[in-house]
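Overview (structure and organization)
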Amino acid sequence: MLTFLLRRVAVIVPTLLFVSFIIFGLQQLLPGDPATAMAGEERDPEVVAQVRKLLHLDEPLPVRYGYWIAGVVQGDLGLSLRIQKPVSELVIEKLPVTAQLAAMAFAIALIIGLPMGVLSAVKNGTAWDYGANIVALWGLSTPNFWLGIMLILLFSVHLGWLPASGYVSPTEDLAQNFKAMIMPAFVLGNAIAAVMMRHTRSAMLQVLSSDYVRTARAKGLREPKVIGKHAFRNASIPVITLGALELGQLLSGAVLTEQVFTIPGFGKLIVDAVFNRDYAVVQGVVLVTASAYLLLNLIADVLYVVANPRLRA
Amino acid sequence: MSASAVADAAGAEAAPIQSPARRALRRLIRRKGALVGGIVVLLFVVAAIFAPWIAPYDPTATDWAAVRKAPSAAHLFGTDEIGRDVLARVIYGARASLMAGVISVAIAMCLGVPIGLISGYVDGWVDGLLMRLTDAMLACPFLILAIAMAAFLGPSLTNAMIAIGVSATPIFVRLTRGQVQSVKVEDFVEAARAVGNPHRRIAFRHILPNVVPPLIVQATLTTAAAIIAEASLSFLGLGQQPPAPSWGSMLNVAKNFLTQAPWMAVWPGLSIFLVVLSFNLLGDGLRDALDPKHR
């Protein structure tokens, strides 16, 4: 197990190094002089000079990368030129909001996707199966920002049940927080639910044709027990670990969902930074997202090995 | 050999020999979902190409006497906040979406397939290096990387297509590499090597044609993802710039007029949904038709 863990970590380190190359390289895409581009519309020579000094733009590229990565390793993601705050502080401020949204969306995806996948596999080839597949295809094909707008139209404009936008901290008012977050979480979880449904269906179909399920049935166990205790328990391990890999989609989706529902999270931070030409924030958010994605992948891999004794050897 | 087996063999000999492509096409047509998907995609392509003849109005022409008018005989999909015809903008919007889908995937394939081919064929440190780079790109979520790239390149449809194409490249690198690794150990590749073919010829003439079917499937499914990505970037203001129509930017404006003009949000969203659903259905059908394991 320790060897496996060390081997996985050993792969992550160079990957992270390449991630840092890509993110640092983004700066090179800026047309013209980066200092002028970053200094904003006014192009005040003093500000341009300050940006040039701050980012060591007079130094050669490898030296600039050295300064940047040395800061990143120490938790310094740079300074937001617009908000005049360290990027790491902004990230820490916004991360809990997106984490709550992502966690609620993942829970909704599990609540919808797992039972639908089980039903689809158990009733394979019937109208239930086709119905579940259509729902999954709908989930995969609906742009979440459009779904968000349509739900606002129904639940906020017509029915007036839920707020159309805004965010209330759970520490302030838990009920209001739930009301504000449930619609965005559903919108975000919708596509992941479709993916989970497809994973569950294929895992269940494989497990249902295995010898131990046949043995359980031969023993005379009732069908719900065969499905719940023998089939689903085994099928759920790869499903949950594969689901964890959907984090990337969750974070991408959060950018749009937060924009539609005006939630002050990680996604809104990157979009606002893009329009304010606050490039250090853009780089910081991409770096933190990629690192979180790699870390969660590692955790998913480890959980998979822990849950499956055959892989431990 | 039994009599029926002899009859089967005779029947098989009498049947006309079909090329693999024709067999795949027949299997594809038999799948209703894929057929419907293909027809809908074709309809959108026709609408995009012939937009100037099909669209009832100029998509950028404003009419201050017809601001936010509900759907009627004069304006079938209604009008927007400055009196432009929503149907005309939806039809012209298909151009941006389909172009983004096709060009982004073309960029991703032009970059990803050769890299995957080299990585899978060469092995060793080259493979290791290319895979770490691919892993690093895969670690940055697709849309977030596209947003970051579009932010640095500047907002425009061209830059959005470049950003989406580059962000989708690792998918094709991974797929091509995996396919090449399984094909390169086949007997026919060994035979090509044994008769003294150079590496380049083996890679391009013997291996590449055998990895094309899964690439076609992936290209179809990635087109759907690229269309959603373009709509997402345009929705955020990083894709097609106003006044040129795009489904994503139309939704961005529509969300500010939900109470006064809900139709502004319905039609562009429905178009994205329909075209993406159709590409997904077509991709699923192509997978079943081209992948021997799915037959």
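Conventions used here
- Residues numbered from 1 in each chain as written.
- Chains lettered and ligands numbered in written order.
- Predicted model: local features only at pLDDT ≥ 70, side-chain atom pairs only at ≥ 80, totals over all residues.
- Helix = DSSP H or I, 4+ residues; strand = E, 2+ residues; numbered from the N terminus.
- Buried ≥ 20, exposed ≤ 12 C-beta atoms within 10 Å, placed from the backbone.
- Contact = placed C-beta atoms within 7 Å.
- Core = buried A, V, L, I, M, F, W, Y, C linked by C-beta atoms within 7 Å.
- Axes fitted to C-alpha atoms, helices over the stretch in contact; angles between N-to-C directions.
- Parallel < 35°, antiparallel > 145°, perpendicular 65-115°, else oblique.
- Left-handed = near helix turned anticlockwise from the far one by under 90°.
- Nonpolar A, V, L, I, M, F, W, Y, C, P; charged D, E, K, R; others polar.
- Expected span 1.5 Å × (residues − 1).
- pLDDT = per-residue confidence, 0-100.

1. Observations concerning the overall build of chain B
Broken down by element type, chain B carries 12 helices and zero strands. Each helix and strand of chain B, placed in order from N terminus to C terminus, yields the pattern α-α-α-α-α-α-α-α-α-α-α-α. The 295 residues of chain B split such that 48% are buried. Sequence-distant contacts, at least 24 apart, represent 71% of the contacts inside chain B between residues at least 6 apart.

2. Overview of the overall build of chain A
Scanning chain A from N- to C-terminus turns up 13 helices and two strands. Summarising its shape, the C-alpha atoms of chain A cover approximately 80 × 55 × 35 Å along the three principal directions. Of the contacts made within chain A by residues no fewer than 6 positions apart, 69% connect residues no fewer than 24 positions apart.

3. Quick look at the nonpolar core
Counting residues in each nonpolar core, the largest one holds 175 residues, and the members touching the most others are I270, V282 and V286 of chain A together with I144, A146 and I147 of chain B. By residue number, the principal contributor to this core is helix α8 (residues 174-208) of chain A, which donates 18 residues. I270 of chain A has contacts with V255, V282 and V285 of chain A together with I144 and I147 of chain B, leaving out every residue within four places of it along the chain.

4. A word on the packing of helix α6 (residues 124-139) of chain B against helix α8 (residues 157-183) of chain B
All names here are of chain B. Direction vectors running N to C along α6 and α8 enclose 135°, while the axes themselves pass 9 Å from each other. Our classification of the angle between α6 and α8 gives oblique. Where α6 crosses over α8, the two elements pack in a sense that is left-handed. Residues T134, M137 and L138 of α6 touch α8, and the partners they reach there are T169, P170, V173 and R174. By residue class, the composition of the contact of α6 with α8 is four nonpolar, two polar and one charged.

5. Regarding the packing of helix α7 (residues 144-158) of chain A against helix α12 (residues 263-290) of chain B
Relative orientation of the contacting elements α7 of chain A and α12 of chain B amounts to 140°, with a least axis distance of 10 Å. Considering only the axes of α7 of chain A and α12 of chain B, their crossing is left-handed. Between α7 of chain A, through W146, I149, M150 and L153 of chain A, and α12 of chain B, the contact on the second element is made entirely by A265, G269, I272 and F273 of chain B. The residue makeup of the contact of α7 of chain A with α12 of chain B, split by class, is seven nonpolar, one polar and no charged.

6. Some points on the environment of S20 of chain A
Residue and element names in this part refer to chain A. Of note, S20 is situated in helix α1 (residues 2-26). Among the residues examined, S20 registers 20 C-beta atoms within 10 Å and is labelled buried. Sequence separation of S20 and S291 is 271 residues, and the distance between their C-alpha atoms is 9.8 Å. With residues up to four places along the chain from it excluded, the contact list for S20 reads I69 and V72.

7. Section: the interface of chain A and chain B
Facing 38 residues of chain A, the contacting portion of chain B comprises 38 residues. Mapped onto the side of chain A that touches chain B, the elements with two or more residues apiece are α1, α6 (127-141), α7, α11 (247-261), α12 (266-275) and α13 (279-307) of chain A. By residue class, the composition of the side of chain A that touches chain B is 31 nonpolar, seven polar and no charged.

8. Digging into α6 of chain A
With 15 residues, α6 of chain A should cover 21 Å at 1.5 Å per step; its first-to-last C-alpha distance of 21 Å lies within 8% of that length. At its buried positions, α6 of chain A is contacted by α5 (87-122) and α8 of chain A together with α12 of chain B.

9. Topic: unusual backbone geometry
Put simply, P242 of chain B and P243 of chain B share a cis peptide bond, and its omega is 10°. Topologically, P243 of chain B is positioned in the loop between α10 (199-236) and α11 (247-254). With phi around 55°, Q84 of chain A is a residue other than glycine that occupies positive phi space. By the element assignment, Q84 of chain A lies in the loop between β1 (79-80) and β2 (85-86). Residue class for Q84 of chain A comes out exposed when judged on the 7 C-beta atoms lying within 10 Å of it. At D123 of chain B, a position not held by glycine, the phi torsion is positive, near 60°. Tracing the chain through its elements places D123 of chain B in the loop between α5 (86-122) and α6. Judged by the 11 C-beta atoms lying within 10 Å of it, D123 of chain B is exposed.

10. Brief notes about α1 of chain A
For α1 of chain A, spanning 25 residues, the distance from its first C-alpha to its last is 36 Å, which sits close to the expected 36 Å at 1.5 Å a residue. Turning to α1 of chain A, its buried residues are T15, L16, V19, S20, I22 and I23 of chain A. Where α1 of chain A is buried, its residues touch α4 (61-73) and α13 of chain A together with α6 of chain B.

11. Structural notes on the environment of S156 of chain B
Mapped onto the elements of the fold, S156 of chain B is located in the loop between α7 (142-153) and α8. For the pair S156 of chain B and A108 of chain B, spaced 48 residues apart in sequence, the C-alpha separation works out to 18 Å.

12. Things to note about the confidence of the model for chain B
Looking at chain B as a whole, the pLDDT averages 87, with 93% of positions reaching at least 70. Across the whole predicted complex the pTM is 0.86, and at the interface the ipTM reaches 0.84.

13. Some words on the confidence of the model for chain A
Here chain A shows a mean pLDDT of 85. Residues at 70 or above account for 96%. Looking over chain A, one finds the lowest element-wise mean pLDDT in helix α2 (residues 34-39) of chain A, namely 72, and the highest in α7 of chain A, namely 93.

14. Describing the environment of A88 of chain B
All names here are of chain B. Among the secondary structure elements, A88 is positioned in helix α5. Residue classification places A88 among the buried residues on the basis of 24 C-beta atoms within 10 Å. Along the primary structure A88 and D127 are separated by 39 residues, whereas in three dimensions their C-alpha atoms are 49 Å apart. Residues within four places of A88 in sequence aside, it is in contact with A55, P56, Y57, D58 and P59.

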